[in-house]
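Results of the structural survey
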Amino acid sequence: MPRSVNSVAKRARRKKVLKQAKGYFGRRKNVWTVAKNAVDKAMQYAYRDRRNKKRTFRALWITRINAGARLHGMSYSQFMGKVKANNIELNRKVLADLAMNNPDAFEAIVNKVK
């Protein structure tokens, strides 16, 4: 009995990977073995950095809140401690947005917790 190979599925798999490699430089975009390695690595980076993005944004929010709090004579840790003590349920994302785009509202929060 002759050997059976599923060339249709094989071709589809390769097309899928080469489509993902579109826009890469040099052989990374059109040579199967190189493109496959490049796409695998890119997917690892994408998975890792979806998690790292959350850390990066939290750090950015903390920096912005700290800058806004220091304009009113408080450190970040003092400010957040008093926010929690006064049961103000605003998260860091909202507080950072207020500190940057609406300083009057942020000052009102600072005055309330002092």
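Definitions and limits used
Residue positions within a chain follow its written sequence, with the count starting from 1. For this predicted model, a pLDDT threshold of at least 70 governs which residues receive local features, and a threshold of 80 or more governs which side-chain atom pairs are given and counted, while totals over whole chains, interfaces and linings are taken from all residues. As a rule here, side-chain values cover all heavy atoms of the structure and leave hydrogens and water aside. Runs of E in the DSSP output that reach at least two residues are strands. Runs of H or I that reach at least four are helices, and both are numbered from the N terminus. When we talk radius of gyration, it's over C-alpha atoms, and the globule rule is simply 2.2 Å times the number of residues to the 0.38. Three exposure classes are used, based on accessible area relative to the maximum for each residue type with a 1.4 Å probe and protein chains only: buried under 20%, partly exposed in between, and exposed over 50%. Contacts are assigned to residue pairs that have any heavy atoms within 4.5 Å of one another. Counted charges follow a simple rule, with Lys and Arg positive, Asp and Glu negative, and His plus the chain ends left uncounted. Lys charges are placed at NZ, Arg charges at CZ, Asp charges at CG and Glu charges at CD. In this description, one arc is meant: the one made by directions from the helix axis to the C-beta atoms. Pairing of aromatic side chains requires ring centres within 6.5 Å, counting the rings of Phe and Tyr and the six-membered ring of Trp. Pairs whose planes differ by under 30 degrees are stacked, by over 60 edge-to-face, and all others tilted. Angular values range over 0 to 180 degrees, each being the angle between N-to-C directions of two axes fitted as lines to C-alpha atoms, with helices fitted over their stretch in contact. For classification, angles of less than 35 degrees are called roughly parallel, those exceeding 145 degrees roughly antiparallel, those between 65 and 115 degrees roughly perpendicular, and all remaining angles oblique. Classification convention: Asp, Glu, Lys, Arg as charged; Ala, Val, Leu, Ile, Met, Phe, Trp, Tyr, Cys, Pro as nonpolar; all other residues, Gly among them, as polar.

1. Considering the overall build of the protein
- Each helix and strand counted, the protein has 5 helices and 0 strands in total.
- Secondary structure elements in the protein, listed N-terminal to C-terminal, are α-α-α-α-α.
- Over its C-alpha atoms the protein spans a radius of gyration of 26 Å, topping by over 25% the 13 Å that the globule rule assigns to 114 residues.
- Put simply, the protein has 114 residues, and 20% of those count as buried.
- Considering only residue pairs separated by 6 or more positions, the protein has 39% of its internal contacts joining residues 24 or more positions apart.
- Of the charged side chains in the protein, 29 are positive and 6 negative; the average position of the first set lies 19 Å away from that of the second.

2. Quick notes on helix α3 (residues 76–85)
- Those residues of α3 that sit buried are Tyr76, Phe79, Met80 and Val83. Projected down its long axis, α3 shows its buried positions confined to an angular sector of 95 degrees, all on one face. Relative to its buried face, α3 has exposed residues pointing more than 90 degrees away, namely Ser77 and Ala85.
- In this fold, the buried residues of α3 make contact with α2 (32–70), α4 (92–101) and α5 (103–113).
- Just past α3, the residue Asn87 takes up positive phi, approximately 55 degrees.

3. Quick word on unusual backbone geometry
- The phi dihedral of Asn87 is positive, around 55 degrees, even though this residue is not glycine.
- When you line up the elements, Asn87 lands in the loop between α3 and α4.
- With relative accessibility at 63%, the residue Asn87 sits in the exposed group.

4. Some thoughts on the packing of aromatic side chains
- In total, this model carries 2 aromatic pairs according to the counting rule given.
- Each ring, one from Phe57 and one from Trp61, has its centre 6.1 Å from the other, and the planes form 40 degrees; the classification is tilted. On the criterion of helical spacing, the pair formed by Phe57 and Trp61 is a turn pair, its members being 4 residues apart in helix α2.

5. Examining the environment of Asp40
- Looking at where Asp40 falls in the secondary structure, it is placed in helix α2.
- By relative accessible area, Asp40 is classed as partly exposed at 41%.
- When the C-alpha positions of Asp40 and Thr56 are compared, they lie 24 Å apart, and in sequence the two are 16 residues distant.

6. Notes on the packing of α3 against α5
- Taken N-terminus to C-terminus, the directions of α3 and α5 make an angle of 75 degrees; their axes are 9 Å apart at the nearest point. Taken together, the axis directions place α3 and α5 in an arrangement best described as roughly perpendicular. On α5, the residues touching Phe79, Lys82 and Val83 of α3 are Phe106, Ile109, Val110 and Val113.
- Its residues placed into classes, the contact of α3 with α5 shows 6 nonpolar, no polar and 1 charged.

Spatial relationships are all this shows, so hold off on functional conclusions.
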